[in-house]
Amino acid sequence: MIVVTTPTGTIGRQVLENLQGSGEPIRVIARDPSRLPSYTRERVEVVQGSHGDIDIVNQAFADADSVFWLVPPDFHAESVEAAYVDFTQPACDALQSQGVRRVVGVSALGRGWHRNAGLVSASLAMDDLIASTGVSYRALAMPSFMDNILRQVEPIKNQGMFFSPLSGDRKLPTCATRDIAAVAAKLLLDSSWSGQDSVPVLGPEDLSLNDMAQIMSEVLGKPVRFQQIPGDAFKAGLTGFGMSEAMAQGTLDMMVAKNEGLDNAEPRTPQFTTPTSFRQWCEEVLKPAVLS
Ligand SMILES: NC(=O)c1ccc[n+]([C@@H]2O[C@H](COP(=O)([O-])OP(=O)(O)OC[C@H]3O[C@@H](n4cnc5c(N)ncnc54)[C@H](OP(=O)(O)O)[C@@H]3O)[C@@H](O)[C@H]2O)c1
């Protein structure tokens, strides 16, 4: 039995798509099962509720061999630790009491970084908490997702611009969520691994935001320009959209660390290189979103 959290989310939905058809029994945890496609509802077991709730995870993890774990973004959390570590504590209790063997979790690059990296530091603390249960664990260590650009479809469409506090020239790895889901599903279907480790998901190449602007311009057939914004304006934008002070600061701390090389520390190897290029992602995901 494989348990999938966040089956309606960007990554979780694609993990489920990869697992369906494998013949393995699948159980999902969903707050609102009506948000699952009917195809899925007919083929998987559904536990209704939040995977941050001890009763729900105890029920969902009963007789489970492996779990796909993803902490949902919590824009209102009072601290980054509350968002990642406290949310994961009930599941850790249930992993132990229910005897789950393997967990594949969504985390971030940055192990060994010398100082606070906000959301990334909290994600790594979550990994440590899961590992402390003794379960076999693979933490998927991710750079920023290509899919984050979808949040800026409107300025790309209307102004031909996109924005970030990151420098336009720093080349960074970036990966497509479809590749993360494929790596996760492969691990969930493989019962041969044990122990605890991280699995970087680096995409096919390192690109700067200026490189991305060039590729978007070519794919969309119109000029797209990157504009760096100051950290304080970035944070004010997040709180302006209703994010808590702590989560906005944690997001900015992460961006500052990325600007200092947080995501460049992991050496690129063929094993951790994933296939979807930014150009392919723009053609298949961004362009339809901009044209719609
Ligand atoms: N974006 C990046 O560049 C990046 C990089 C590294 C790591 N990450 C990590 O990736 C994760 C985000 O993944 P994603 O993009 O797939 O997320 P997403 O698309 O925002 O999906 C969130 C999912 O969580 C569910 N959810 C929301 N609030 C919940 C709650 N309180 N209790 C239970 N379920 C809840 C949602 O389902 P319903 O609303 O249907 O219940 C949905 O299925 C985060 O942990 C983030 O730290 C992101």
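Computed from a predicted model, the values in this text were never measured in an experiment.

Peer 1: Run through the sheet that holds strand β3 (residues 45-48), naming residues and quoting values.
Peer 2: Pairing in this open sheet of 7 strands is parallel, and the strands run β3-β2-β1-β4-β5-β6-β9 from one edge to the other. Only two strands of the sheet have a single neighbouring strand rather than two, namely β3 and β9 (196-200). Each neighbouring strand pair of the sheet contributes to a mean axis angle of 20°, computed without reference to strand direction. The pairing of strand β1 (residues 2-4) with strand β2 (residues 26-30) spans 3 bridges and is parallel. Within β2, the residue paired with I2 across the bridge is I26. Of the strands in this sheet, β4 (66-69), β5 (102-108), β6 (136-142) and β9 are in contact with helix α5 (residues 119-132), which crosses β5 at around 165°. Contacts from helix α7 (residues 177-188) reach β1, β4, β5, β6 and β9, with the element oriented near 170° to β6.

Peer 1: Break down the site of the ligand for me, with residues and values.
Peer 2: By nearness alone, 22 residues border the ligand, and T10, R31, R35, V71 and Y84 come closest of all. R35 is positioned with one of its side-chain polar atoms (N or O) 2.4 Å from an oxygen atom of the ligand. Here an oxygen atom of the ligand and a backbone polar atom of F145 are 3.0 Å apart. Notes on the ligand: free accessible area 950 Å², of which the protein chains cover 78%. For the shell around the ligand, the class distribution of residues is 10 nonpolar, 9 polar and 3 charged.

Peer 1: Account for the nonpolar core, with residues named and values stated.
Peer 2: In this structure, F61, F162, M216, F278 and L286 are the most contacted members of the largest nonpolar core, which totals 70 residues. At 9 residues, helix α4 (residues 80-98) tops the list of elements feeding residues into this core. Sequence-distant contacts of F162, that is, excluding residues within four places in its chain, are made with I149, Q152, I156, L209, M212, A213, M216, V224, R225, F226 and Q227. Membership of the second largest hydrophobic core comes to 31 residues, among which are I11, C175, L188 and F272.

Peer 1: Before we move on, could you go through the pattern of salt bridges and cite the residues and values that matter?
Peer 2: What the rule picks out here adds up to 12 salt bridges. Of the charged contacts in the structure, one is a salt bridge between R178 and E284, with a shortest N-O distance of 2.7 Å. Here the residue R178 occupies a position in helix α7, and E284 occupies one in helix α11 (residues 278-291), the gap between them amounting to 106 residues. R178 sits in the partly exposed class, given a relative accessible area of 27%. Linking D263 and K258 is a salt bridge whose minimum nitrogen-to-oxygen distance equals 2.8 Å. Each member of the pair, D263 together with K258, is buried.

What counts, and where the lines are drawn
Residues numbered from 1 in each chain as written. Predicted model: local features only at pLDDT ≥ 70, side-chain atom pairs only at ≥ 80, totals over all residues. Heavy atoms only, no water. Pairing = 2+ DSSP bridges. Helix = DSSP H or I, 4+ residues; strand = E, 2+ residues; numbered from the N terminus. Axes fitted to C-alpha atoms, helices over the stretch in contact; angles between N-to-C directions. Contact = heavy atoms within 4.5 Å. Near = heavy atom within 4 Å. Polar contact = N/O pair within 3.5 Å; in protein donor to acceptor, adjacent residues only side chain to side chain. Areas by Shrake-Rupley, 256 points an atom, 1.4 Å probe, with all protein chains shown as cover. Nonpolar A, V, L, I, M, F, W, Y, C, P; charged D, E, K, R; others polar. Core = buried A, V, L, I, M, F, W, Y, C linked by side-chain atoms within 4.5 Å. Buried < 20%, exposed > 50% of the residue type's maximum accessible area, 1.4 Å probe, protein only. Salt bridge = Lys/Arg side-chain N within 4 Å of Asp/Glu carboxyl O.

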